[in-house]
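The lines below spell out each chain.
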Amino acid sequence: MTEPVVDTLKVPGATLRYEVRGTGPVLLLIAGGGGDAGIFEPVAEALADRFAVVTYDPRGHSRSPLDGPDVDQCVATQADDAYRLLGRVAPDGSPAYVFGTSSGAIVAVELLTRHPERLARVVAHEPVLVSLLPDAAEQHAFFGQIVATFHRAGVGAAMAEMSAGCGEERGEKPDLSGLSPRMATTFQRVQGNSAFFLGRILGQFSSHAPDLAQLDACAAKLVPAAGWASYGLRLYRPAAWLAQRYGVALAEFPGGHVGVVTHAREFAVRLGELSR
């Protein structure tokens, strides 16, 4: 395993810990939910022969502490974090490739709308942009109820309610019993971010709506994507909506909403195909 170059970047209100593997054009990977750089490790390893793969812990997650107490998070702020990180890892201004998944895909889309000149392509894997859907009010109510459950009954109850409400993915359930000690440590660390995600991110991000006029102007750089196993489910629908709006095929990835973890090897192959 290639050990990454690890560094930190001070941004307004937080300090970001990031990792860089390989050389070539920059490929920035943005985690969703309570995820951090560690969830991308197998994918980053697989793509480091073609890209300078950059992963990081989003502000408030794992090893990227906030300067003060926990506060509600903002999509625009996290998009600015990603932009500042690109400035650090590619100071010559060369266009970067970006992949985001789940709430991280919301950040990736926002980054594209704000700084299209800085990006070569953005792969948005199952962005939870439910504000775009015809039944947006129903979707907002669902996620609002998850947040309320968290505050009333805690992480376990909220995560179980969200899992049930998002629907059962098709295909066999992945077997994660053989995780390496390193990935097991990552999962344990990521679980520690669950309360921050549920209390400070989920409500704010699921209610976010991108500026469609700005996105329309740079949509040629956007690749809406979803997992094969997610077909037709709640978290699949916004990506399908984006693909329909822009008249492109919805890019299909192995696995479901967390395919980047459960099907890492195949996921890396597909991402490599879409990022060049």
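Use the structure listed above.
Given the structure is predicted, the values throughout are model-derived calculations rather than measurements.

### A few points about the sheet that holds strand E3 (residues 26–30)
Reading across from one edge, E1-E2-E4-E3-E5-E6-E7-E8 is the order of the eight strands in this open sheet, with mixed pairing throughout. Both outer strands of the open sheet, strand E1 (5–11) and strand E8 (251–253), are each paired with one neighbouring strand and no more. Direction aside, neighbouring strands of the sheet carry axes that sit 25° apart on average. As defined by bridge partners, E1 adjoins strand E2 (residues 14–21) across seven bridges and the pair is classed as antiparallel.

### Looking at helix H4 (residues 136–153)
Residues spaced three or four apart along an α-helix face the same direction, because each turn holds 3.6 residues. Taking 1.5 Å of rise per residue, the 18 residues of H4 would be expected to cover 26 Å, and the 25 Å separating its terminal C-alpha atoms lies within 8% of that figure. If you check which residues of H4 are buried, you get Ala136, Gln139, Phe142, Phe143, Ile146, Val147, Thr149 and Phe150. Looking straight down H4, one finds its buried side chains confined to an arc of 155°; they lie on one side. Looking at H4, the residues exposed on the side facing more than 90 degrees away from the buried face are Ala137, His151 and Arg152.

### What about the environment of His125?
Looking at the element boundaries, His125 is found in strand E6 (residues 119–125). Assessed through its relative accessible area of 0%, His125 is described here as buried. Look past the residues within four positions of His125 in its chain and what remains in contact with it is Phe99, Gly100, Thr101, Ser102, Ala105, Ala225, Ala226, Gly227, Phe253, Gly256, His257 and Phe267.

### Quick word on the environment of Met162
Mapped onto the secondary structure, Met162 falls in helix H5 (residues 155–166). Between the C-alpha atom of Met162 and that of Val147, which follows or precedes it by 15 residues, the distance is 9.5 Å. Apart from residues no more than four positions distant in its own chain, Met162 is found in contact with Phe142, Phe143, Ile146, Phe197, Leu198 and Leu202.

### A short note on the side chain of Thr149
With respect to the helices, strands and loops of the structure, Thr149 is situated in helix H4. Judged by its relative accessible area of 2%, Thr149 is buried. Ignoring anything within four residues of it in the chain, the contact list for Thr149 reads Gly154, Ala157, Ala158 and Glu161.

Calculation criteria
Residues numbered from 1 in each chain as written. Predicted model: local features only at pLDDT ≥ 70, side-chain atom pairs only at ≥ 80, totals over all residues. Heavy atoms only, no water. Pairing = 2+ DSSP bridges. Helix = DSSP H or I, 4+ residues; strand = E, 2+ residues; numbered from the N terminus. Axes fitted to C-alpha atoms, helices over the stretch in contact; angles between N-to-C directions. Expected span 1.5 Å × (residues − 1). Buried < 20%, exposed > 50% of the residue type's maximum accessible area, 1.4 Å probe, protein only. Arc of directions from axis to C-beta. Contact = heavy atoms within 4.5 Å.

Such coordinate-based values are descriptive only and should not be taken to indicate function.
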